[in-house]
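# Coordinate analysis (summary)
Here's the letter readout for the chains.
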Amino acid sequence: MDEPRSTLDPIATAQVDELIDELRQNYLVAVVTHAMHQAARVSQKTAFLHLGNLVEYGETGTVFANPTDPRTESYITGRIG
């Protein structure tokens with residue numbers, strides 16, 4: 001899914017998040033988003049790509065709470081991107 005909740009109202013956003021949760025029971029769901037709050041809320045694994053390169057990949061909680069690469073931390077905190 002590419003930016004699945006872009007420009008949606010809060011009700012539709014919640015419905016998309018619920019759909020992702022339902023689908024991941026039986027499928028791998030890959031979501032590309034700039035919405036850090038959605039990524040942190042609905043994902044189990046996170047990959048951060050920067051300028052076409054994979055910078056960091058791991059459990060979502062770890063990547064968001066304790067990123068190993070300074071570029072990841074800069075993106076998550078809004079200093080770049």
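Our structure's up above, just so we're on the same page.
The notes below deal with the structure included here. Being a predicted model, the structure only gives us computed values, none of them experimental. (Residues numbered from 1 in each chain as written. Predicted model: local features only at pLDDT ≥ 70, side-chain atom pairs only at ≥ 80, totals over all residues. Heavy atoms only, no water.)

What follows is about the pattern of salt bridges. Scanning all chains against the criterion turns up five salt bridges. Arg71 is the salt-bridge partner of Asp69, the closest N and O atoms lying 2.9 Å from each other. A residue is classified by how much of its surface remains accessible, and Arg71, at 38% relative accessible area, is partly exposed. (Salt bridge = Lys/Arg side-chain N within 4 Å of Asp/Glu carboxyl O. Buried < 20%, exposed > 50% of the residue type's maximum accessible area, 1.4 Å probe, protein only.)

On to the side chain of Thr60, then. Examined against the element boundaries, Thr60 turns out to sit in helix α3 (residues 60-65). A distance of 3.2 Å separates a polar atom in the side chain of Thr60 from the backbone nitrogen of Lys45. Sequence-distant contacts of Thr60, that is, excluding residues within four places in its chain, are made with Ala39, Ala40, Ser43, Gln44, Lys45 and Thr46. (Helix = DSSP H or I, 4+ residues; strand = E, 2+ residues; numbered from the N terminus. Polar contact = N/O pair within 3.5 Å; in protein donor to acceptor, adjacent residues only side chain to side chain. Contact = heavy atoms within 4.5 Å.)

Computed from the structure, the largest pocket encloses a volume of approximately 830 Å³. Considering the residues around the largest pocket, the lining is formed by 28 residues, among which Val31, Ser43, Lys45, Thr46 and Ala47 are closest to the centre. Listing elements by their share of the lining of the largest pocket, those giving two or more residues are α2 (36-42), β1 (45-50), α3 and α4 (70-76). By residue number, the principal contributor to the lining of the largest pocket is β1, which donates six residues. (1 Å grid on protein atoms, 1.4 Å probe; cavity = no way out; pocket = protein on both sides within 12 Å on 5 of 7 lines; lining within 4 Å. Points joined across faces, edges and corners; volume = space filled by probe spheres on them.)

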